[in-house]
Amino acid sequence: MNAREEILRRVEGIVPTRPAAEVAASYARIDRSYLRRHHDGGVLDLFAERVADYRATVLRVAESGLASAVAERLAARPGSYGVPVGLPEEWTSAVDAPLVRDFSVASLDGLAGAVTGCAAAIAETGTIVLDHGAAQGPRALSLVPDYHLIVVLAGQVAPDVPEALERLDPSRPLTFVSGPSATSDIELSRVEGVHGPRTLEVLVAE
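Just so we're clear, the structure is a prediction, and the values are computed from it rather than from any experiment.

Details of the overall build of the protein
Reasoning step 1: When you go through the protein residue by residue, the secondary structure sums to six helices and twelve strands.
Reasoning step 2: Here the contacts in the protein between residues at least 6 apart in sequence split such that 71% fall between residues at least 24 apart.
Reasoning step 3: Per element, the accessible surface of the protein, about 11,500 Å² overall, is 54% carbon and sulfur.
Reasoning step 4: Looking at charge distribution, the protein has the averaged site of its 19 positive side-chain charges lying 6 Å from that of its 28 negative ones.

Structure, rendered in structure tokens:
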């Protein structure tokens, strides 16, 4: 028995594993009669406002103009950009910058930034959720480069948290993005870019 197995054995002795049926029954008894939606109209306006509160740049564009908007944002930052293999090619069809799809984790720090889609977004909190599917790439792509451009389709924006969570698969590796990476751990001084991209830009295609 190795150290890990020994630790887990001791934990099991203190807190026994509950049968799956018992856990499911416990969840079923939770009262979920709370208000599930606080916003019915102006969802995209609210989302853009809340995302901007986090010091992120938000641009609303027509879906037909998405390619030119992506090209314009990347042209402002010379360099190569990491993009997921499954990112729709029409989104980057007007981009002149080199796009890297076959990247290693070690190479991500040398990129000018990353371009991804998302799985869902939450208007109430200004949060974007990635489940690292085809248009989003591995989690490292959204954390290592200093600049992240996220495309959010209008239909992906849920008014509130409960509805957004219903759209997500809990078995996926979910990353919740609320603005650029920031921390105030040291003397309450805000420092950006420590745990993720320093600059976050969001294109809301409607």
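From this point on, the discussion continues.
Topic: a nonpolar patch on the surface
Reasoning step 1: Together, Ile-7, Val-11, Ile-14 and Val-15 line one region of the surface with nonpolar side chains, adding up to about 410 Å² of accessible area.
Reasoning step 2: Residue Ile-7 is classed as exposed on the basis of its relative accessible area of 53%.

Some points on the sheet that holds strand E8 (residues 157–158)
Reasoning step 1: With mixed pairing, four strands are arranged side by side in an open sheet as E8-E5-E6-E9. At either end of the open sheet lies a strand with only one pairing partner, and these are E8 and strand E9 (175–177).
Reasoning step 2: As defined by bridge partners, strand E5 (residues 120–122) adjoins E8 across two bridges and the pair is classed as parallel. Looking at E8, one finds that Ile-122 is bridged to Ala-158.

Structural notes on the layout of surface pockets
Reasoning step 1: Approximately 150 Å³ is the volume found for the largest pocket.
Reasoning step 2: For the largest pocket, the lining is made up of 14 residues, of which Leu-143, Phe-176, Val-177, Gly-179 and Pro-197 are closest to its centre.
Reasoning step 3: Breaking the lining of the largest pocket down by element, the ones donating at least two residues are helix H5 (139–143) and E9.
Reasoning step 4: Per element, the largest residue contribution to the lining of the largest pocket is three residues, and it comes from E9.

Things to note about the nonpolar core
Reasoning step 1: In this structure, Phe-47, Ile-128, Ile-150, Val-152, Val-157 and Val-202 are the most contacted members of the largest nonpolar core, which totals 20 residues.
Reasoning step 2: Of all the secondary-structure elements, those providing two or more residues to this core are helix H3 (43–53), strand E6 (127–130), strand E7 (147–153) and strand E12 (199–205).
Reasoning step 3: By residue number, the principal contributor to this core is H3, which donates six residues.
Reasoning step 4: Every residue in contact with Ile-150, bar those within four places of it in the chain, is listed here: Thr-116, Gly-117, Cys-118, Ile-128, Leu-130, Leu-200, Glu-201, Val-202 and Leu-203.

Things to note about the packing of aromatic side chains
Reasoning step 1: In total, this model carries one aromatic pair according to the counting rule given.
Reasoning step 2: Taken together, a centroid distance of 6.2 Å and an interplanar angle of 75 degrees make the contact between Tyr-81 and Tyr-147 edge-to-face. Placement of the pair is Tyr-81 in strand E2 (residues 81–82) and Tyr-147 in strand E7, with a sequence separation of 66 residues.
Reasoning step 3: Taking relative accessible area as the criterion, Tyr-81 reaches 0% and is therefore assigned buried.
Reasoning step 4: For Tyr-147, a relative accessible area of 1% corresponds to the buried category.

Description of the side chain of Thr-92
Reasoning step 1: Mapped onto the secondary structure, Thr-92 falls in the loop between E2 and strand E3 (99–100).
Reasoning step 2: Once residues lying within four places of it in the same chain are set aside, the contact partners of Thr-92 are Val-70, Leu-87, Leu-99 and Arg-101.

A few points about the sheet that holds strand E4 (residues 113–116)
Reasoning step 1: Strand order in the open sheet formed by six strands is E1-E12-E7-E4-E2-E3, with parallel pairing between adjacent strands. Of all strands in the sheet, those with a lone pairing partner are strand E1 (57–61) and E3, marking the two edges.
Reasoning step 2: Of the strands in this sheet, E1, E7 and E12 touch H3, which is tilted by about 155 degrees from E1.
Reasoning step 3: With respect to the sheet, helix H4 (residues 66–75) is in contact with E1, E2, E3, E4, E7 and E12, its orientation differing from that of E7 by roughly 165 degrees.

About the criteria used
- One numbering rule holds for all chains: residues counted from 1, following each sequence as written.
- Per-residue local features are limited, in this predicted model, to residues with pLDDT of at least 70; the limit for side-chain atom pairs, both in listing and counting, is 80 or more; totals at the level of whole chains, interfaces and linings are taken over all residues.
- Side-chain numbers here rest on the full set of heavy atoms in the structure, without hydrogens or water.
- Helix and strand assignments come from DSSP, with helices taken as H or I runs of at least 4 residues and strands as E runs of at least 2, each series counted from the N terminus.
- What makes two residues a contact is simply this: any of their non-hydrogen atoms within 4.5 Å.
- Using the Shrake-Rupley algorithm and a 1.4 Å probe, accessible areas are obtained, with residue cover drawn only from the displayed protein chains.
- Under the counting rule used here, the positive set is Lys and Arg, the negative set is Asp and Glu, and His together with the chain ends is not counted.
- For charged residues, the charge sits on one atom: NZ in Lys, CZ in Arg, CG in Asp, CD in Glu.
- Within this analysis, patches are made of residues with over 30% relative accessible area and no salt bridge. Like charges are joined at 9 Å or less; nonpolar side chains (Val, Leu, Ile, Met, Phe, Trp, Tyr) at 5 Å or less.
- Salt bridge, as used here: a side-chain nitrogen of Lys or Arg that lies within 4 Å of a carboxyl oxygen of Asp or Glu.
- Each residue gets one of three labels from its accessible area relative to the maximum for its type: buried under 20%, exposed over 50%, partly exposed in between, using a 1.4 Å probe on protein chains only.
- Two strands are said to pair when DSSP picks up at least two bridges between them.
- Here a cavity means grid points, on a 1 Å grid over the protein atoms only, where a 1.4 Å probe fits yet cannot get out; a pocket means an open set of points with protein on both sides within 12 Å along at least five of seven lines; lining residues are those with an atom within 4 Å of a point.
- Grid points are joined across faces, edges and corners, and a volume is the space filled by probe spheres set on the points.
- We define the nonpolar core as a collection of buried residues of types Ala, Val, Leu, Ile, Met, Phe, Trp, Tyr and Cys that are connected through side-chain atoms lying within 4.5 Å of one another.
- Pairing of aromatic side chains requires ring centres within 6.5 Å, counting the rings of Phe and Tyr and the six-membered ring of Trp. Pairs whose planes differ by under 30 degrees are stacked, by over 60 edge-to-face, and all others tilted.
- Axes here mean lines fitted to C-alpha atoms, for a helix over just the part in contact, with angles spanning 0 to 180 degrees between N-to-C directions.

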